[in-house]
Amino acid sequence: MAAIEDQLERWISKQRAAGRSFSTVAVRIKAKAIANDMGMQDFKAGPSWYFCFMKRRQLSICTRTMVSQRLLADYEEKVAIFRSYCKSKTAKNNIEAKHIINMDKVPLTFDMPLTRTVERTRTPMVPVYTTGNETSSFIVVLGVSSDG
């Protein structure tokens, strides 16, 4: 069993060094494949084994780190002003909630990398590389009315 885990840990390290993300299921499938290559057809690579393997090898399931936008310092005030403006306009023009509709278009990419992957415990940065197809996108239109 140690031979399987050694080889699996090397595979994980190699994947992470290349910046690839993968799921816990992918790790278990790879462990099963390694065991089969070693002639151990009875090896299950079940959830319990996986949990213990992660603990023994000091691995964790990590969320990728990234730089994101920060909210403005006065965003709460601006939201309150906007809500007040909307309430006054709807009251002034006698607009019912069922007539208030919001639509937005959201671009989604064909390359949607996983947000979680396996990495050494306490690793401060978890970069994930993509295939480059994140620029190939399609548009989804979302709509909602204020009365549900």
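Provided above is the structure to which this section pertains.
A quick note: this is a predicted structure, and the numbers were derived from the prediction, not measured.

*Asks:* Tell me about the overall build of the protein, residues and numbers included.
*Replies:* The number of helices and strands found in the protein is four helices and four strands. Along the protein, helices (α) and strands (β) appear in the sequence α-α-α-β-α-β-β-β when read from the amino end. Residues classed as buried in the protein amount to 20% of the 148 residues present. Of the contacts formed within the protein by residues at least 6 apart in sequence, a portion of 73% connects residues at least 24 apart. In the form shown here, the protein has an accessible surface area of approximately 11200 Å², with 57% of it arising from carbon and sulfur atoms.

*Asks:* So what's going on with the pattern of salt bridges? Residues and values would help.
*Replies:* As enumerated under the stated definition, the model contains seven salt bridges in all. Close ionic contact of R57 with D6 constitutes a salt bridge, the shortest N to O distance being 2.9 Å. You can see R57 sitting in the loop between helix 3 (47-56) and strand 1 (59-63) and its partner D6 sitting in helix 1 (residues 2-17), a full 51 residues away along the chain. Judged by its relative accessible area of 34%, D6 is partly exposed. Where K98 meets E96, a salt bridge forms, and the shortest distance between an N and an O atom there is 3.8 Å. Judged by relative accessible area, K98 falls into the partly exposed class, the value being 47%. Salt bridges here are not isolated pairs; linked through shared partners, they connect E5, D6, E9, R56, R57 and R120.

*Asks:* Go over helix 4 (residues 75-92) with me, naming the residues and quoting the values.
*Replies:* Over its 18 residues, helix 4 runs 26 Å from end to end, which matches the ideal 26 Å to within 8%, given 1.5 Å per residue. Remark: N94 follows helix 4 within two positions and exhibits a positive phi of approximately 50°.

Conventions adopted
- Residues numbered from 1 in each chain as written.
- Predicted model: local features only at pLDDT ≥ 70, side-chain atom pairs only at ≥ 80, totals over all residues.
- Heavy atoms only, no water.
- Helix = DSSP H or I, 4+ residues; strand = E, 2+ residues; numbered from the N terminus.
- Buried < 20%, exposed > 50% of the residue type's maximum accessible area, 1.4 Å probe, protein only.
- Contact = heavy atoms within 4.5 Å.
- Areas by Shrake-Rupley, 256 points an atom, 1.4 Å probe, with all protein chains shown as cover.
- Salt bridge = Lys/Arg side-chain N within 4 Å of Asp/Glu carboxyl O.
- Expected span 1.5 Å × (residues − 1).

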